[in-house]
Amino acid sequence: MKNVCSLLLLTGFLVACGRTETAKDNAQSPPAAATEPTVAAAVKPKNCRSVADADKLGKPLVYKESAKPLTFTLTLNQDTTTVPTADGCYYNNTLTVLATKKADRQAFKRTLVKEDIAYFSKDGEAIGRSVLQSATYTPTFNSERYFFVTMRLLDPVSKKTKDYRLFMNYYGEIVKVK
């Protein structure tokens, strides 16, 4: 009986060790298809334009409400991704929301992209071909534990804009989009 248990235990160890070594070998040599997208992503587009005002990019806008314990800073930055169109391409933008408590202690910092809106909206295709143009803080005038950020997206082909109002809680999570 001891020999049978020992034999089963030894077989189990050998099988487990063989699988680990095979997994290590597979992890060390990635397939050729996995390396090709990184090469394609390294190619930078040329002659891309920006839809945001140059004087607003990278400049923090600070908002403070008297009834809220947080100060909100919105910063619009240019992203490395682009939206191709028939007449060229346009740079995407990102929005960084920084919330600080009293004495400049950081509550949260969140970088939002236009794709964050697509999780809550049915306009996924329209959001995919648009570019983030601007963002504004909308005061709530109460002591609720949420705040509003309005993101304006611009379709570079049709030049139509659409505003999305994000309800965010004090942890930086998007609760709802209208």
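Throughout what follows, the structure given in this document is the object of discussion. (Residues numbered from 1 in each chain as written. Predicted model: local features only at pLDDT ≥ 70, side-chain atom pairs only at ≥ 80, totals over all residues. Heavy atoms only, no water.)

1. Some remarks on the environment of Thr111
In plain terms, the rule: Numbered from the N terminus, helices here are DSSP runs of H or I no shorter than four residues, and strands are runs of E no shorter than two. To sort residues, take the accessible area from a 1.4 Å probe on protein chains only and compare it with the maximum for the residue type: under 20% means buried, over 50% means exposed, and anything in between is partly exposed. Residue contacts are defined here by distance: any two heavy atoms, one from each residue, within 4.5 Å place the two residues in contact.
Within the fold, Thr111 resides in strand β5 (residues 106–112). The class for Thr111 is partly exposed, based on a relative accessible area of 44%. Taking C-alpha positions, Thr111 is 6.6 Å from Thr94, a pair spaced 17 residues apart along the chain. Once residues within four sequence positions are removed from consideration, Thr111 is found in contact with Thr94, Leu95, Thr96 and Asp116.

2. Considering the nonpolar core
The condition that has to hold: As used here, the term nonpolar core means buried Ala, Val, Leu, Ile, Met, Phe, Trp, Tyr and Cys residues forming a set that is joined through side-chain atoms within 4.5 Å.
Counting 26 residues, the largest nonpolar core has Leu95, Leu112, Ile117, Phe147, Val149, Met151 and Leu166 as its most contacted members. Within the residue set of this core, elements represented by two or more residues are β3 (71–85), β4 (88–100), β5, β6 (131–138), β7 (146–154), β8 (161–169) and β9 (174–177). Of all the elements, β7 adds the most residues to this core, at four residues. Discounting residues that sit within four places of it in the chain, Met151 has contacts with Leu95, Leu112, Val113, Ile117, Leu132, Ser134, Ala135, Lys162, Asp163, Tyr164 and Leu166. Val83, Tyr90, Val131 and Leu154 belong to the second largest nonpolar core, which has five residues in total.

3. Comments concerning the pattern of salt bridges
Keep this limit in mind: Any Lys or Arg side-chain nitrogen located within 4 Å of an Asp or Glu carboxyl oxygen qualifies as a salt bridge.
Summed over all chains, the structure comprises seven salt bridges. Across the pair Arg129 and Asp155 runs a salt bridge, and its minimum N-O distance is 3.4 Å. Taken together, the residues Arg129 in the loop between α4 (124–128) and β6 and Asp155 in the loop between β7 and β8 connect sequence positions 26 residues apart. A salt bridge links Asp163 to Arg152, with the nearest nitrogen and oxygen atoms 2.8 Å apart. Taken together, the positions of Asp163 in strand β8 and Arg152 in strand β7 put the pair eleven residues apart, joining distant regions of the chain. For Asp163, a relative accessible area of 37% gives the class partly exposed.

4. So, the state of the cysteines
What counts is decided by this rule: Count a disulfide wherever a pair of cysteine sulfur atoms falls within 2.5 Å.
The final tally for this structure, using the stated rule, is one disulfide. Disulfide pairing is shown between Cys48 and Cys89; the S-S distance is 1.7 Å. For the disulfide bridge between Cys48 and Cys89, the dihedral angle about the S-S bond is near -95°, and by the sign convention the bridge is left-handed. Taken together, the residues span a long stretch of sequence, with Cys48 in strand β1 (residues 48–49) and Cys89 in strand β4 at a distance of 41 residues. For the pair shown, Cys48 and Cys89 are each scored as buried.

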